[in-house]
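Here is what each chain is made of, one letter per residue.
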Amino acid sequence: MSRSLSSFALATVFALSLSGCAATTPESNTGSETVDEAQSLVLYSGRAEDLVQPIIDQFTAETGIEVEVRYAGTAELAAQILEEGESSPADAYLAQDAGALGAIANAGLFQQIPADLFDLVNPSFSGADNLWVGLSGRVRVLNYNPEKVTELPKSVLELAEPKWQGRIAIAPANASFQSFVTAMRITEGEEVTRTWLEGIKRNGVVFEKNSAILEAVETGQVDAGLINHYYWFARGAEVGAENMTSKLAAFEPRDVGNLINVAGLGILKDTGATRALVEFLLSETAQRYFVEQTFEYPVITGLEAVEGLSPMGDLPAPDIDLSDLDTLEQTLELIRAAGLI
Amino acid sequence: MRKPPVSLTLLGVFAALATLTPLVYLLIRLGSGYEKAVEELARPRTLELLANTGALVITVTASATVLGFAQAWFVTRSNIRFATVFAVLAALPLAIPSYVLAFSFQALFPAFSGFFASWLVLTIATSPYVFLAASAALAQVDPANEEVARSLGLSAGQVISKVTWPQVRPSVTAAALLVVLYTLGEFGAVALLRFDTFTRALYNAYRSSFDRSAAAAIALVLVVLTLLVLWLESRYRGGFTQTKSAVRVIRVDLGRSKTLAEILLSVVAVVAVGLPMLSLVVWAFRGSSTADFDRILDALAGSFSLALIAGVVILIFGLAIALWVTRYQSRLSRIVERSVWVTHALPALVVGLALVFFGSNITPWWYQTLWLLVFGYLILFLPNAIAALSTPLAQVPKSLEDVSQSLGLTRTKTIFKVVLPMAAPGVLAGFALVVLTVLKELPLTLLLRPTETNTLATRLWGATEELAYAEAAPYALLLVLLAGIPALALNLIARRSLREVQNG
């Protein structure tokens, strides 16, 4: 009697552990894929669900391919993919930071994107060797409250000065900020960047996300903040641009504070499904979504940015090749060394 | 010596070993990334974190102990009016998860952040533990000593410090150490309030560095601190004088201070419970027009399905160990019980990190699945289940089991046919308590949730990252109404039956 019950207990225990195997979808570790895997894919997205899910849903509606999306921070997902290595469940990785994409590319985990798709995009918006492709452009801006900030800073480097104490909002855990710091390391050097980060640690008010910074500047909680341009335009479209308290400003021409960056995509497995995803996201439908719904810059030719946005070519951006922004790990260490995260 | 059925022993030992494994792996991981870990800990930032964490732990423990004891004394020993109402109000903050508390204050005062904010929120969140321990202790201590002291001429204050306090000190100190452990491992509230303690640094290190040895190093510091506190706690355990005689309640006449005391207690209740609930209701109302009901329902479904599955798994192991400990007490059972309690005391974030390492490297087929998360819940909440189940199981008379076995039933059959049915109401309550505790959990779920699984807690977290208070409020309100309040009610009922068991 007790023997049968103890074997029942044993069976339960083993069943529970084995069912863990059944609960996961089996993933192949090789580069190319078999036909029955083509109907679904797993996407790791460093961009927020509110911004990305609508266009992913449209992709599923058009192609019938189911997409399971894991939303988290760009750097966190990059670290996760690096930790998972070849056995990562991810089929594709959408990141807000060229540096994160570069890190995965350098680890040899990306598959090459087919040339016909890769060539749709201006090479200055994509990574080297066809390993990742830009999807939409964004520019870093200073979001400020005109009642509190009467004299605009000429360079982003000024924000580390004592007069900005407690007045500037930053999101050091956000990938766009991390990209910008990488760009500063390239244009200004490690020492200047380190000093600036220490100053910003004294002056800055830390938030988790760009959207939180916009909210804080709008409600007067903080005088100014460093964000991506499209958050302001999206809010402006919602409430009316004339009803916005805060404004946007650029720094002087070629200042690193005006960095143009891209959100980009790399594929970890070369399958019909991932190719279809790349193709869709570079199609006019998706690019029009990025222009009209999220107020970013398109990366394919033939589409104009929304009214109110300066054309990309006219932006006073610094001269940086995005594929040089691939040293995210060192940037993270600098940011952490400054005690910002 | 009664021998337990093999099945109980197997389940118990499996649970104990399994809960220790991920932590062993954390140490292994640390060993291989040793230099990085040392480099991480040698930074001046670590001192800053130590100072912050230390300051928070010390101040919160002090204020929670003072507040909890004061409330307990007023409610049990003084002649204030509406003592029962104040007693309920004092325990009520337990119904609000600490991160919901932090969110509700921040929604009212957006600039509410930093050290003071964290101190306030955590004091509110933890003083109920001290209050419950102190009022239980005060109710069991014979007030005759205090009467004698007063008749000998000591003032009210001297009576408290020289007579009352020494008698309740052991249980209040035990509760205070609980507060220390809680504050040490607290993540949600301090992260929302943007105060840098070790847990927040751990989370940031986890998601903002490629080489996670830095995260492992911070985790190790937290483990060491926790073990230190546990060791201190084991030295204080036990040793309270318990009278089994019926205790007359003697209430001190506060005279003119009575109204002052009532006002004070009311102010505390308003700040600790009234303001947060008001904030949640107002913001939920504001968010009701734009609420995404599909998303809310999906989060609700996610929360409940996870909690129910975890509840069943934890119940099976919890029953096994509780049965083993209450009926077949042996050296092995004590070892198993101890080890399960140690891992329970660790911060949830540390357990989560250990499981992330363990899952992605050792058991990739388990990683990111529901079952690894459930396993994490098992590590964290098995002791809660054991504690909740021990009382109803202990109340089943052993004589009935003897009769059953003398009639020919085996030990296992006796458990299923006699013990469990009799203990059923208590067992069900214990199950419900575990389910509700899992519902409220945040940090472990954040780290280990399967792709596309969302819970009320994770959705709340995501919304607060964007300062979207109106979007966050419905989740917060649901957490309080569906998880917090029922859990508190069950907790109070369990405490009452525990006292009944202890008093014979």
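Residues numbered from 1 in each chain as written. Chains lettered and ligands numbered in written order. Predicted model: local features only at pLDDT ≥ 70, side-chain atom pairs only at ≥ 80, totals over all residues. Heavy atoms only, no water.

Visitor: Please clarify how the pattern of salt bridges should be interpreted in this entry.
Guide: Between side chains of opposite charge, pairing is possible as soon as their charged atoms come close. Applying the stated criterion across every chain yields a total of 25 salt bridges over all chains. Here A:Lys269 ties to A:Asp91 by a salt bridge, and the two come within 3.5 Å at their closest N and O atoms. Taken together, the positions of A:Lys269 in the loop between β9 (260–267) and α10 (272–281) and A:Asp91 in the loop between α3 (74–84) and β3 (92–95) put the pair 178 residues apart, joining distant regions of the chain. Here the two residues A:Lys269 and A:Asp91 agree in accessibility, since each one is buried. The closest approach of N and O atoms between A:Glu208 and B:Arg207, which form a salt bridge, is 3.1 Å. Of the two residues, A:Glu208 sits in the loop between β6 (204–206) and α8 (210–218) while B:Arg207 sits in helix α10 (residues 198–207), which places them in two different chains. Assessed through its relative accessible area of 10%, B:Arg207 is described here as buried. Among the charged side chains, a salt-bridge network with shared partners connects A:Lys201, B:Arg45, B:Glu48, B:Asp196 and B:Arg200. (Salt bridge = Lys/Arg side-chain N within 4 Å of Asp/Glu carboxyl O. Helix = DSSP H or I, 4+ residues; strand = E, 2+ residues; numbered from the N terminus. Buried < 20%, exposed > 50% of the residue type's maximum accessible area, 1.4 Å probe, protein only.)

Visitor: In this structure, what is going on with the environment of B:Val340? I would like to understand it.
Guide: All names here are of chain B. Position of Val340 relative to the elements: it lies in helix α14 (residues 331–345). With a relative accessible area of 1%, Val340 lands in the buried category. Along the backbone, Val340 and Leu378 are 38 residues apart, and their C-alpha atoms lie at a distance of 9.7 Å.

Visitor: Can you help me understand the packing of aromatic side chains in this one?
Guide: Aromatic ring pairs: the centre-centre distance and the angle between the two ring planes describe each pair. The final tally for this structure, using the stated rule, is 20 aromatic pairs over all chains. With 6.1 Å between their ring centres and 85° between their planes, B:Tyr203 and B:Trp461 make a pair best called edge-to-face. Here B:Tyr203, found in helix α10, pairs with B:Trp461, found in helix α20 (residues 456–465); they are 258 residues apart in sequence, far enough to count as distant. B:Tyr203 sits in the buried class, given a relative accessible area of 9%. Cluster of aromatic residues (ring-pair linked, three or more members): A:Phe177, A:Phe180 and A:Trp196. (Phe/Tyr/Trp six-rings, centres within 6.5 Å; stacked < 30°, edge-to-face > 60°.)

Visitor: Explanation requested: a negative patch on the surface in the structure shown.
Guide: A surface patch of negative charge is lined by A:Glu68, B:Asp294, B:Asp298 and B:Glu452. Residue placement: B:Asp294 occurs in helix α13 (residues 293–327). When its relative accessible area of 61% is taken as the criterion, B:Asp294 is described as exposed. (Patch = residues over 30% accessible without salt bridge, like charges linked within 9 Å, V, L, I, M, F, W, Y side chains within 5 Å. Areas by Shrake-Rupley, 256 points an atom, 1.4 Å probe, with all protein chains shown as cover. Lys, Arg positive; Asp, Glu negative; His and termini not counted. Charge placed at Lys NZ, Arg CZ, Asp CG, Glu CD.)

Visitor: Before we go on, may I ask you to explain a nonpolar patch on the surface in this structure?
Guide: All names here are of chain B. Taken together, the side chains of Phe304, Leu308, Leu481, Leu482 and Ile485 present a nonpolar region at the surface, about 390 Å² in accessible area. Counting residues per element, the ones that place at least two in the nonpolar patch are α13 and α21 (469–502). Sorting elements by how many residues they give to the nonpolar patch places α21 first, with 3 residues. Tracing the sequence through the fold places Leu308 in helix α13. Exposure remark for Leu308: the relative accessible area of 42% places this residue in the partly exposed category.

Visitor: Where do I start with the pairing of strand β7 (residues 224–228) of chain A in this structure?
Guide: For a regular strand, side-chain orientation follows a simple rule: the groups alternate between the two sheet faces. All names here are of chain A. Among the 5 residues of β7, 5 are classified as buried, and the element is accordingly described as predominantly covered. Neither face of β7 is exposed, since Ala224, Leu226 and Asn228 on one face and Gly225 and Ile227 on the opposite face are all buried. Across 5 bridges, strand β4 (residues 133–144) lies against β7 in antiparallel orientation. Note on β7: the bridge partner recorded for Leu142 is Leu226. Bridge count for strand β5 (residues 168–170) against β7 is 2 bridges, and the pairing is parallel. When the bridges of β7 are listed, Ala169 appears paired with Gly225. (Pairing = 2+ DSSP bridges.)

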